[in-house]
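# Analysis of the macromolecular model
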Amino acid sequence: MPKEKTVQKRRRRTPDEARSEALAAARSLLLQAGPDAVTLSAVAKKIGVTHANLIHHFGSASDLQAALMGSMVDDLRDALDAAVARLRTDESAPRELVDAVFDAFGEGGAGRLASWIVMTGDTSRLEPVRQAVLGVVDAVDEMAGHDPQLPRERIKAAVLFIALTAFGDALIGLPLRDILGQDDKASRRIMADLLPAFLERPKGTG
């Protein structure tokens, strides 16, 4: 007697669930294989829906990628906001500040995201992150006790230095550390050692 074929029923999803699962799958593809891997067909296969179903939810591959960018930018903004909250509640030494910013850029593929956005030329997509980054500046200013002898531009330079290093570490830190025989915390330690020089009062301001 021939065996009956088992028919796998397609799981019903609400529109919000379908979009959420598709974005999670798209993020996974981005982190594993880069922006070119984020296609409608690849995402559809990953979550077990049809190509037409994804078109219904997103319209096109470019719309899916735009939604993914927006979702990841929101996550980066939230991570930076959390870093600010951490800086304001902890007894924050330079290493605490460095860890907070490195964690914000390293979690969820923010380094790969920023690289992708820059390659598209549409850096306006990073606008939602602006206030979060300025929030880090405000938090460092508070850590310094709003010292009138420490110009805000110097604090901005310190945050820029940390953020650029965190971005580079998230994007290419692992292979560089392997080449140089450094452990996974090396970049953070170096930055924490250098940071006090940025936050010192300028000479002659007593």
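Placed above this text is the structure.
Computed from a predicted structure; not experimentally measured.

### Some words on the overall build of the chain
Along its length, the chain carries 9 helices and 0 strands. Listing each helix as α and each strand as β along the chain from the N terminus yields α-α-α-α-α-α-α-α-α. Here the chain holds 206 residues, and 34% of them are scored as buried. Within the chain, residue pairs in contact and separated by at least 24 positions form 70% of the contacts whose partners lie at least 6 positions apart. A total accessible area of about 12300 Å² is found for the chain, and carbon and sulfur atoms account for 54% of it.

### Details of the layout of surface pockets
If you add up the space inside the largest pocket, you get close to 530 Å³. Contributing to the lining of the largest pocket are 17 residues, with Phe105, Leu126, Val129, Val133 and Ala163 lying nearest its centre. Breaking the lining of the largest pocket down by element, the ones donating at least two residues are helix 6 (110-120), helix 7 (130-143) and helix 8 (152-180). When residues of the lining of the largest pocket are assigned to their parent elements, the largest contribution, 6 residues, is made by helix 8. Of the residues assigned to the lining of the largest pocket, the class counts are 14 nonpolar, no polar and 3 charged. Those elements that provide at least two residues to the lining of the second largest pocket are helix 5 (94-106), helix 6 and helix 8. In the lining of the second largest pocket, the residues fall into 10 nonpolar, 4 polar and 6 charged.

### Observations concerning the environment of valine 136
Looking at where valine 136 falls in the secondary structure, it is placed in helix 7. Note on valine 136: relative accessible area 2%, which makes it buried. It is 7.9 Å that separates the C-alpha atoms of valine 136 and aspartate 81, two residues lying 55 residues apart in sequence. Sequence-distant contacts of valine 136, that is, excluding residues within four places in its chain, are made with Leu80, Val84, Leu97, Val101 and Val159.

### Comments concerning the nonpolar core
Counting 52 residues, the largest nonpolar core has Val43, Leu54, Leu68, Leu80, Leu97 and Val136 as the members making the most contacts within it. Ranked by residues supplied to this core, first place goes to helix 4 (residues 61-89) with 10 residues. If we ignore the near neighbours within four places in the chain, the residues touching valine 43 are Ala22, Ala25, Ala26, Leu29, Leu54 and Leu64.

### Focus: the pattern of salt bridges
Considering all chains together, one arrives at 12 salt bridges under this definition. In this structure, arginine 125 engages aspartate 122 in a salt bridge whose closest nitrogen and oxygen atoms are separated by 3.4 Å. Between arginine 177 and aspartate 169 there is a salt bridge, and its shortest N-O distance comes to 2.6 Å. Across the pair, aspartate 169 and arginine 177 agree in class, each one buried. The structure contains a network of salt bridges with shared partners spanning Arg95, Asp99, Asp103 and Arg188.

### Description of helix 1 (residues 15-33)
Taking 1.5 Å as the rise per residue, helix 1 with 19 residues should run 27 Å; its terminal C-alpha atoms sit 27 Å apart, in good agreement. Buried residues of helix 1: Ala18, Ala22, Leu23, Ala25, Ala26, Arg27, Leu29 and Leu30, and no others. Phi for glycine 34, located one or two positions after helix 1, is positive at around 90°.

Rules used throughout
- Residues numbered from 1 in each chain as written.
- Predicted model: local features only at pLDDT ≥ 70, side-chain atom pairs only at ≥ 80, totals over all residues.
- Heavy atoms only, no water.
- Helix = DSSP H or I, 4+ residues; strand = E, 2+ residues; numbered from the N terminus.
- Buried < 20%, exposed > 50% of the residue type's maximum accessible area, 1.4 Å probe, protein only.
- Contact = heavy atoms within 4.5 Å.
- Areas by Shrake-Rupley, 256 points an atom, 1.4 Å probe, with all protein chains shown as cover.
- 1 Å grid on protein atoms, 1.4 Å probe; cavity = no way out; pocket = protein on both sides within 12 Å on 5 of 7 lines; lining within 4 Å.
- Points joined across faces, edges and corners; volume = space filled by probe spheres on them.
- Nonpolar A, V, L, I, M, F, W, Y, C, P; charged D, E, K, R; others polar.
- Core = buried A, V, L, I, M, F, W, Y, C linked by side-chain atoms within 4.5 Å.
- Salt bridge = Lys/Arg side-chain N within 4 Å of Asp/Glu carboxyl O.
- Expected span 1.5 Å × (residues − 1).

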